[in-house]
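Now for the letters of each chain:
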Amino acid sequence: MTLDSSRDERPGAGNTTAVRARMGLLVVGSFVLLLYVIEIINTVLFHSLNSTFGLRPRSPDGIVDILTFPLLHANLAHLISNTLPLIIFGFLVFLSGRRVFITALAASWLGSGAVVWLIGGFKVTVGASGLVFGLFAFLLVRGFFNRNWWQIVLSVVLFMSYGGILFGILPTVASFVSWQAHLGGAIGGVAAALLLSTRRAGALRAGR
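Residues numbered from 1 in each chain as written. Predicted model: local features only at pLDDT ≥ 70, side-chain atom pairs only at ≥ 80, totals over all residues. Heavy atoms only, no water.

1. Description of the overall build of the protein
For the protein, the helix and strand inventory stands at 9 helices and 0 strands. Helices (α) and strands (β) of the protein occur, in sequence order from the N terminus, as α-α-α-α-α-α-α-α-α. Each of the 208 residues in the protein was classed as buried or not, and the buried ones make up 47%. Across the protein, every contact between residues at least 6 apart in sequence was considered, and the portion connecting residues at least 24 apart equals 77%. As displayed, the protein has an accessible area near 10,900 Å², and 73% of this comes from carbon and sulfur atoms. (Helix = DSSP H or I, 4+ residues; strand = E, 2+ residues; numbered from the N terminus. Buried < 20%, exposed > 50% of the residue type's maximum accessible area, 1.4 Å probe, protein only. Contact = heavy atoms within 4.5 Å. Areas by Shrake-Rupley, 256 points an atom, 1.4 Å probe, with all protein chains shown as cover.)

Shown next as structure tokens:
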């Protein structure tokens, strides 16, 4: 039984839950491994990559930095703190298919970067926590948009387990981290869930 009633892939032997699970572990695991490789290189270079490719708010060059800043971290501890939730949330999203995963990740990435660029502080921002918040927000709300009970149950379980991280979008609580990246990622995740909702897709088809 799948957790998603709206499969974005065509049915076939290559689109079973087991296949998507294996592919999800491979894709998400490879992405996290890439982050560690970048962190090792960045450490050797005394984290000089952060000043070059980190996101500088309201800077013309900072628009390009939106594409790179989630790949960098302040230090190894920073990356480790993002690793487990990124693997868990990324894997769960991937179970719904590649298109869903790519859309949710891209929306979280761009949403996080856009909000940091617009209202971020004066410091350079790095880190994948915006992606974590985006994927988490996507998982929390998609079941309600789709009216899918399995997805709603999953969102309740995730909220009970990880709901405390949502305080990270509040400036008064998370002033020592980039709450702007967290907020933007969450907005992107919700937008992706709305864009991919089965109810919206059905309404579009009915309007043809």
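2. Description of the environment of Ala-137
Note on placement: Ala-137 falls in helix α6 (residues 129-146). Assessed through its relative accessible area of 7%, Ala-137 is described here as buried. Spatially, the C-alpha atoms of Ala-137 and Phe-159 are 9.6 Å apart, while their sequence positions differ by 22 residues. With sequence-adjacent residues up to four places away left out, Ala-137 is seen in contact with Ala-186 and Val-190.

3. Comments concerning the pattern of salt bridges
Close approach of charged atoms lets side chains of opposite charge pair. Overall, the coordinates contain 1 salt bridge when judged by the stated rule. Residue Asp-65 is joined to Arg-56 by a salt bridge in which the shortest nitrogen-to-oxygen separation is 2.6 Å. Given a relative accessible area of 4%, Asp-65 falls into the buried group. Residue classification places Arg-56 among the partly exposed residues on the basis of a relative accessible area of 26%. (Salt bridge = Lys/Arg side-chain N within 4 Å of Asp/Glu carboxyl O.)

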